Amino acid sequence: MTQSAPQKTILRALAGEVQAIPPVWMMRQAGRYLPEYRATRSQAGDFLSLCYNPELAAEVTLQPIRRYGFDAAILFADILLISQALGLKLWFAEGEGPRMHTVTDAAQVAALRPVADIHETLSPIYETVRLLSRALPRETTLIGFAGAPWTVATYMVAGRGTKDQAPAHDFIARDRAGFAALIDTLSDATVEYLSAQIEAGAEVVKLFDSWAGSLKGADFDDFALKPTARIIAALKARHPDTPIIAFPREAGERYIGFAKATGADCVALDNSVSADWAAQHVQPDGCVQGNLASSHMVTGGDALVTETRRIVKAFSKGPHIFNLGHGITPDADPDNVQRMIDAIRT
């Protein structure tokens, strides 16, 4: 009888196990800092075409696994595809980022495509997941993801990324119930989207709330915490064994208790909070992920090694997945990624 392989390291961390060497992956690990990514994107023609081409999207997802041997691969896609699936025109302006038609009042929220119809647009993403589940090394965890409702809504209201998410905040001030309806629609769509990714082979899913830090007080509760809890509860009802990572970026003090309040198996941390603080206040509730500043991937040197080892030590008494505090930037040096990995594993 063949002995089964040990459980994957990231799944062990998400189950609460403390490991001497934390597993590691990196947000945006498939991206423009890698020459092989740039070559594949050129082959696809444009960013959205790459997202919707399962073979090429799987290829760029696999590239950093081949190069670095990360403990997880994260599906290559974009958080705004769900907006397109709900009926908004979406395009990417070269050098400027996403652009889309806007949703600025309750009538436009009500006119969005029914949630039940989103899979027609998103089916290529599920095929990418299926390809990856077959192609990844057996020790590598496959992570699916979606943008959290608040963050996706900020783009839908503004039609683009904004520095302070002011258009979404203005919508809340004008018509809180109308904005809440948009959050509800996005929450329901996100449950369907992530559930389909899990059914296709994702072993873990992550909610990216990149702009959570701009929400304060009751707005944070209503538009970041409660939607996350709603999505996690619905996913756990369908897929009770699938771990879920939540990333309420720049939540600050609101990181405390976030896992318990939402049911998340792990809270990802940005680098605006220190690892020592998070180890004391957040990690007692379970696994944490993070939180090296992505600037170290550009500057490298001894500071990169020292800070990497400091973070590993700070989180060494609880379950931890090593990651950056946000995505790696296009100007990063690929050699610095290997230096980070070596510092963690040696």
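Conventions and cut-offs
- Residues numbered from 1 in each chain as written.
- Predicted model: local features only at pLDDT ≥ 70, side-chain atom pairs only at ≥ 80, totals over all residues.
- Heavy atoms only, no water.
- UniProt positions renumbered as here; feature names shortened; annotations may be inferred.
- Helix = DSSP H or I, 4+ residues; strand = E, 2+ residues; numbered from the N terminus.
- Rg over C-alpha atoms; globule rule 2.2 N^0.38 Å.
- Buried < 20%, exposed > 50% of the residue type's maximum accessible area, 1.4 Å probe, protein only.
- Contact = heavy atoms within 4.5 Å.
- Areas by Shrake-Rupley, 256 points an atom, 1.4 Å probe, with all protein chains shown as cover.
- Lys, Arg positive; Asp, Glu negative; His and termini not counted.
- Charge placed at Lys NZ, Arg CZ, Asp CG, Glu CD.
- Axes fitted to C-alpha atoms, helices over the stretch in contact; angles between N-to-C directions.
- Parallel < 35°, antiparallel > 145°, perpendicular 65-115°, else oblique.
- Nonpolar A, V, L, I, M, F, W, Y, C, P; charged D, E, K, R; others polar.
- Phe/Tyr/Trp six-rings, centres within 6.5 Å; stacked < 30°, edge-to-face > 60°.
- Lys NZ or Arg CZ within 6 Å of the ring centre and 35° of its normal.
- Pairing = 2+ DSSP bridges.
- Salt bridge = Lys/Arg side-chain N within 4 Å of Asp/Glu carboxyl O.

You'll find the chain entered in an unreviewed UniProt entry as Uroporphyrinogen decarboxylase, with Pararhodobacter zhoushanensis given as the organism. Database annotation for the chain, UniProt heading Subcellular location (unreviewed entry): "Cytoplasm".

Another aspect to go through is the overall build of the chain. From N to C terminus, the chain includes 16 helices and nine strands. Over its C-alpha atoms the chain spans a radius of gyration of 19 Å, differing by no more than 12% from the 20 Å that the globule rule assigns to 346 residues. With respect to the three principal axes, the spread of C-alpha positions in the chain is 55 × 50 × 45 Å. The buried share of the chain, reckoned over its 346 residues, is 56%. Looking at the chain alone, contacts between residues at least 24 apart form 73% of all its contacts between residues at least 6 apart. Carbon and sulfur atoms provide 50% of the accessible area of the chain, an area that totals close to 14,000 Å². For the chain, the distance from the average position of its 33 positive side-chain charges to the average position of its 39 negative side-chain charges is 3 Å.

The UniProt feature table records "domain: Uroporphyrinogen decarboxylase (URO-D)" (unreviewed entry) at residues 23-32 and 143-159. Between the end C-alpha atoms of residues 143-159 the distance is 28 Å, and the span holds 59% helix and 29% strand.

Before going further, it helps to examine the packing of helix α2 (residues 35-44) against helix α4 (residues 54-68). Where α2 contacts α4, the axes come no closer than 10 Å and their chain directions differ by 170°. Between α2 and α4, the interaxial angle falls into the category roughly antiparallel. Counted together, Pro35, Glu36, Tyr37, Thr40, Gln43 and Ala44 of α2 and Leu56, Glu59, Val60, Gln63 and Arg67 of α4 form the full contact between these two elements. Tallied by class, the residues present in the contact of α2 with α4 amount to five nonpolar, three polar and three charged.

Enumeration according to the criterion identifies 11 aromatic pairs in this entry. The ring of Trp91 is capped by Lys89, whose NZ or CZ atom sits 5.6 Å from the centre of that ring.

Across the sheet, which stays open at both edges, the seven strands sit in the order β1-β4-β5-β6-β7-β8-β9 with parallel pairing between neighbours. A strand with exactly one partner marks an edge of an open sheet, and here the two such strands are β1 (72-74) and β9 (320-324). On average, adjacent strands in this sheet sit at an angle of 25° to one another, irrespective of strand direction. Summarising the sheet, strand β7 (residues 266-268) and strand β8 (residues 287-292) pair through three bridges and their orientation is parallel. Note that in β8 the partner of Val267 across the bridge is Val288.

This part covers the pattern of salt bridges. What the rule picks out here adds up to 19 salt bridges. The salt bridge involving Asp71 is made with Arg345; its shortest N-O contact spans 3.1 Å. On the criterion of sequence distance, the pair formed by Asp71 in the loop between α4 and β1 and Arg345 in helix α16 (residues 334-345) is long-range, its members being 274 residues apart. For the salt bridge of Arg99 with Glu96, the shortest nitrogen-to-oxygen distance reads 2.9 Å. Shared partners join several salt bridges into a network, and the residues in it are Arg176, Asp219, Asp222 and Lys226.

Relative to the assigned elements, Thr190 resides in helix α10 (residues 176-200). Judged by its relative accessible area of 1%, Thr190 is buried. If sequence neighbours within four positions are ignored, Thr190 has contacts with Ile82, Ala146, Gly147, Leu207 and Ile231.

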